[in-house]
Amino acid sequence: MTGNKGAGYECPKEVCCLSQISFYIALVIIIMSTHTLLVLYGSQTGTAQDMAERIGRQAQRRRTEVRVQSLDSYNVANLISETLVVFVCATTGQGDPPDNMKNFWRFVFRKSLPTGSLCRLDYAVLGLGDSSYPKFNFVAKKLHKRLMQLGANALLPVESLVFLPPRYMFHFLDATTDKPVQKSHPPDDQGPPSAARPFPAQMVSNQRVTDLSHFQDVRLIDFDITGSNIQYNAGDVVMMRPCNSPEDVEQFCQLLRLDPDSYFILNPADGAVVPARLPQPCSVRYLVEQYLDIAAVPRRSFFEVLATLATNELEREKLAEFSTAQGQDDLHSYCNRPRRTALEVLADFPHTTAELSVNYLLDLFPEIQPRSFSIASSLLAHPNRLQILVAVVRYKTRLQKPRRGLCSSWLASLDPTQSDVSVSLWVKKGSLKFPQDLDTPAIMVGPGTGVAPFRAAIQERIAQGKRANVLFFGCRSETKDFYCQSEWEEKVQAGHMTLFTAFSRDQEDKIYVQHRVKEQAKLLWDLIANKNAVFYIAGNSKQMPTGVCDALKEVFQQEGGVTEIQAQEMLEAMEKAGRFQSETWS
């Protein structure tokens, strides 16, 4: 989860793991059913949750009693008595379940569960994922198979346009008579920080590590975590929730004619629960700045809700078109391809936006989801500190205004030299595991910000007396974006690591890390075949991981004298044994 990678990426091109035609079969079943419908979701970035809530709204429209819950908030022991459940699941990492369904996942795959224990259950599984990943929709497919093994009867998910009353009503406080009193929460000693209780870490420095003339702004950011009770190891991940920019907050409030300094209390309807992250009372500024994801590309459900609220005929027709299956190409061209934000969509539909009731804000906008960054430092080298390497996302589309990554742009805007800056964060275990044995070599291939977890690993391993550290680092130019150059050179001179670099644009022919891997065939074969080395890849998932894997298989063939098929089998065996690990993102 290096650089700017999300904890688990749910692609905007979601697809069902089962037949699209069957959507309509399920729709008929749900409409005709007198059952209570339970919708359970496993979501990492919010896409699956959005889809689950959308299905819930559709069922409500058809007068079906419906509950929507995350899988880990549901008492899985009750599943045996359920009659109709729709599961909406994302896949994260290398075929892993999302964080909010891991307990459910462990329970449902217990070998002790009787074969026919779910014979009363009719169910459907909707899987969301990116078909370019090797383990595409692995979680949904595996869950579908397991439920069938337990005797459940498979149906398929549904999809339709909805019109429902808002889930919450906003009660605004009178500025002259109602004074907003924030509830104080006594400090607790419940262990390390978490998503529910993040730690406000002081930002110590926010240093640009690319040359000012370089197009890419990359930051090495240092946090002080003294007193946090945070412990982490190399390969672990830090989580944080970004804020919307002051400019976006101001524009949003102007479009909806809201006073950012006014306070309100949320009154939930029909069993809804007030979001835990929203204080009661809450200011409009806090809601828009820290909770509503107004800078994201909106999902189809956003247009569905807007279409039901629009009174302007032209705007209503266009919004309704975007909500239909036939209008998805136009919606993709308008919204997804140019990465148009929800805020920009509101500006494009001024009549609908001007009439938009504040009560629908939590139906329209999802919650800002936490972002994950591989930790780029070791506590053994930097006690009470936590560092990350962040590439600031900025790119052009056909829209005039450049597109910006919400979290990276927010982090880049924070300047601890001008004022005290704190960022609320917490730490999660990562997927990369480094050798405990003193003599086991670690071979690390980390171009760009993919080097972040390997910086942490090298610092940690050197502090532990482990010297067999081999790093392949790649970037565009030695003088423009060679992150941590002086640190690497010092460690090489001290005999603590071996470094191979690939500067792709410093010569006529582009040179990448996979070329350096092939060049070091003898060394790599010796380390892997004779010294039991572990091989790691981290970075962008476009072409680099495949290129490095192909190069490594060529090393096996060249130095080991094996066939292409045998080389592939060797790589698979290494992966199964934990001796080949990768952490990539798109």
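- If you look the chain up in an unreviewed UniProt entry, it shows as NADPH-dependent diflavin oxidoreductase 1 from Astyanax mexicanus.
- UniProt annotates the chain under Subunit (unreviewed entry) with the comment "Interacts with CIAPIN1; as part of the cytosolic iron-sulfur (Fe-S) protein assembly (CIA) machinery. Interacts with DCPS."
- For the record of the chain, the UniProt heading Catalytic activity (unreviewed entry) holds the text "2 oxidized [2Fe-2S]-[protein] + NADPH = 2 reduced [2Fe-2S]-[protein] + NADP(+) + H(+)".

## Here we look at the packing of helix 17 (residues 521-531) against helix 18 (residues 544-560)
Reasoning step 1: Contact geometry of helix 17 with helix 18 gives a least axis separation of 9 Å together with a crossing angle of 85°. With respect to their mutual orientation, helix 17 and helix 18 come out roughly perpendicular. Every residue of helix 18 that contacts helix 17 at Ala 521, Lys 522, Leu 524, Trp 525 and Ile 528 is listed here: Leu 552, Val 555, Phe 556, Gln 558, Glu 559 and Gly 560.
Reasoning step 2: Across the contact of helix 17 with helix 18, the residue classes tally to seven nonpolar, two polar and two charged.

## Here we look at the environment of Met 148
Reasoning step 1: With respect to the helices and strands, the residue Met 148 is situated in helix 4 (residues 138-149).
Reasoning step 2: In sequence terms Met 148 and Cys 119 are 29 residues apart; their C-alpha atoms lie 9.0 Å from each other.

## Some points on a negative patch on the surface
Reasoning step 1: Together, Glu 478, Glu 489, Glu 490 and Asp 506 line one region of the surface with negative charge.
Reasoning step 2: Looking at the element boundaries, Glu 478 is found in the loop between strand 18 (469-475) and helix 15 (485-493).

## Describing the packing of aromatic side chains
Reasoning step 1: This structure, assessed with the given rule, holds 22 aromatic pairs.
Reasoning step 2: Taken together, a centroid distance of 5.2 Å and an interplanar angle of 15° make the contact between Phe 322 and Tyr 334 stacked. Of the two residues, Phe 322 sits in helix 8 (residues 313-322) while Tyr 334 sits in helix 9 (residues 328-336), which places them twelve residues apart along the sequence.
Reasoning step 3: Measuring from centroid to centroid gives 6.5 Å for Tyr 334 and Phe 349, while their planes differ by 90°, and the two rings are edge-to-face. Here the residue Tyr 334 occupies a position in helix 9, and Phe 349 occupies one in the loop between helix 10 (342-348) and helix 11 (350-355), the gap between them amounting to 15 residues.

## Notes on the nonpolar core
Reasoning step 1: Counting 40 residues, the largest nonpolar core has Phe 252, Leu 287, Leu 292, Phe 302, Phe 303, Leu 361 and Phe 365 as the members making the most contacts within it.
Reasoning step 2: For this core, the element with the most residues is helix 7 (residues 300-309), which contributes five residues.
Reasoning step 3: Filtering out sequence-adjacent residues up to four positions away, Phe 303 remains in contact with Pro 298, Leu 319, Phe 322, Ser 323, Leu 331, Tyr 334, Cys 335 and Val 345.

## Brief notes about the side chain of Ser 262
Reasoning step 1: Mapped onto the secondary structure, Ser 262 falls in the loop between helix 5 (246-255) and strand 10 (263-268).
Reasoning step 2: Sequence-distant contacts of Ser 262, defined by excluding residues within four places in its chain, comprise Phe 172, Cys 282, Ser 283 and Val 284.

## Some points on helix 2 (residues 47-61)
Reasoning step 1: With 15 residues, helix 2 extends 21 Å from end C-alpha to end C-alpha; this agrees with the ideal 21 Å at 1.5 Å per step.
Reasoning step 2: Summarising burial for helix 2: eleven of the 15 residues are buried, a large majority.
Reasoning step 3: All of the buried residues in helix 2 are Thr 47, Ala 48, Asp 50, Met 51, Ala 52, Arg 54, Ile 55, Gly 56, Arg 57, Gln 58 and Ala 59.
Reasoning step 4: Against the buried residues of helix 2 lie strand 1 (37-42), strand 2 (66-70), strand 3 (84-90), strand 4 (122-128) and helix 7.
Reasoning step 5: Immediately beyond the C-terminal end of helix 2, within one or two residues, lies Arg 63, with a positive phi of roughly 60°.

## Some details on unusual backbone geometry
Reasoning step 1: Of the consecutive residues Gln 280 and Pro 281, the connecting peptide bond is found in the cis state with omega at 0°.
Reasoning step 2: Here Pro 281 is to be found in the loop between strand 10 and strand 11 (282-283).
Reasoning step 3: Of note, the phi angle at Arg 339 is positive, near 60°, even though the residue is not glycine.
Reasoning step 4: Looking at the element boundaries, Arg 339 is found in the loop between helix 9 and helix 10.
Reasoning step 5: The exposure class of Arg 339 is partly exposed, given its relative accessible area of 27%.
Reasoning step 6: The phi angle at Asn 384 is positive, at roughly 60°, despite the residue not being glycine.
Reasoning step 7: As for its placement among the helices and strands, Asn 384 is situated in the loop between strand 12 (371-374) and strand 13 (385-391).

## Details of the UniProt feature "binding site: FAD" (unreviewed entry) in the chain
Reasoning step 1: The residues that UniProt annotates with the feature "binding site: FAD" (unreviewed entry) are Arg 339, Arg 371, Ser 372, Phe 373, Ser 374, Gly 405, Leu 406, Cys 407, Ser 408 and Trp 585.
Reasoning step 2: Look at Gly 405 and you get buried, because its relative accessible area is 16%.
Reasoning step 3: For Cys 407, the location among the structural elements is in helix 13 (residues 406-413).
Reasoning step 4: Assessed through its relative accessible area of 4%, Cys 407 is described here as buried.
Reasoning step 5: The residues contacting Cys 407, other than those within four sequence positions of it, are Met 240, Pro 242, Arg 371 and Phe 373.

## Quick word on the sheet that holds strand 1
Reasoning step 1: Ordered in space as 2-1-3-4-5, the five strands form an open sheet in which the pairing is parallel. At either end of the open sheet lies a strand with only one pairing partner, and these are strand 2 and strand 5 (153-154).
Reasoning step 2: Across five bridges, the pairing between strand 1 and strand 3 is parallel. Among the inter-strand pairings, Leu 38 is bridged to a residue of strand 3, identified as Val 85.
Reasoning step 3: Together, strand 1, strand 2, strand 3 and strand 4 form the strand contacts of helix 2, whose direction differs from that of strand 1 by roughly 170°.
Reasoning step 4: Of the strands in this sheet, strand 3, strand 4 and strand 5 are in contact with helix 4, which crosses strand 4 at around 165°.

Parameters and conventions
- Residues numbered from 1 in each chain as written.
- Predicted model: local features only at pLDDT ≥ 70, side-chain atom pairs only at ≥ 80, totals over all residues.
- Heavy atoms only, no water.
- UniProt positions renumbered as here; feature names shortened; annotations may be inferred.
- Axes fitted to C-alpha atoms, helices over the stretch in contact; angles between N-to-C directions.
- Helix = DSSP H or I, 4+ residues; strand = E, 2+ residues; numbered from the N terminus.
- Parallel < 35°, antiparallel > 145°, perpendicular 65-115°, else oblique.
- Contact = heavy atoms within 4.5 Å.
- Nonpolar A, V, L, I, M, F, W, Y, C, P; charged D, E, K, R; others polar.
- Patch = residues over 30% accessible without salt bridge, like charges linked within 9 Å, V, L, I, M, F, W, Y side chains within 5 Å.
- Areas by Shrake-Rupley, 256 points an atom, 1.4 Å probe, with all protein chains shown as cover.
- Salt bridge = Lys/Arg side-chain N within 4 Å of Asp/Glu carboxyl O.
- Lys, Arg positive; Asp, Glu negative; His and termini not counted.
- Charge placed at Lys NZ, Arg CZ, Asp CG, Glu CD.
- Phe/Tyr/Trp six-rings, centres within 6.5 Å; stacked < 30°, edge-to-face > 60°.
- Core = buried A, V, L, I, M, F, W, Y, C linked by side-chain atoms within 4.5 Å.
- Buried < 20%, exposed > 50% of the residue type's maximum accessible area, 1.4 Å probe, protein only.
- Expected span 1.5 Å × (residues − 1).
- Pairing = 2+ DSSP bridges.

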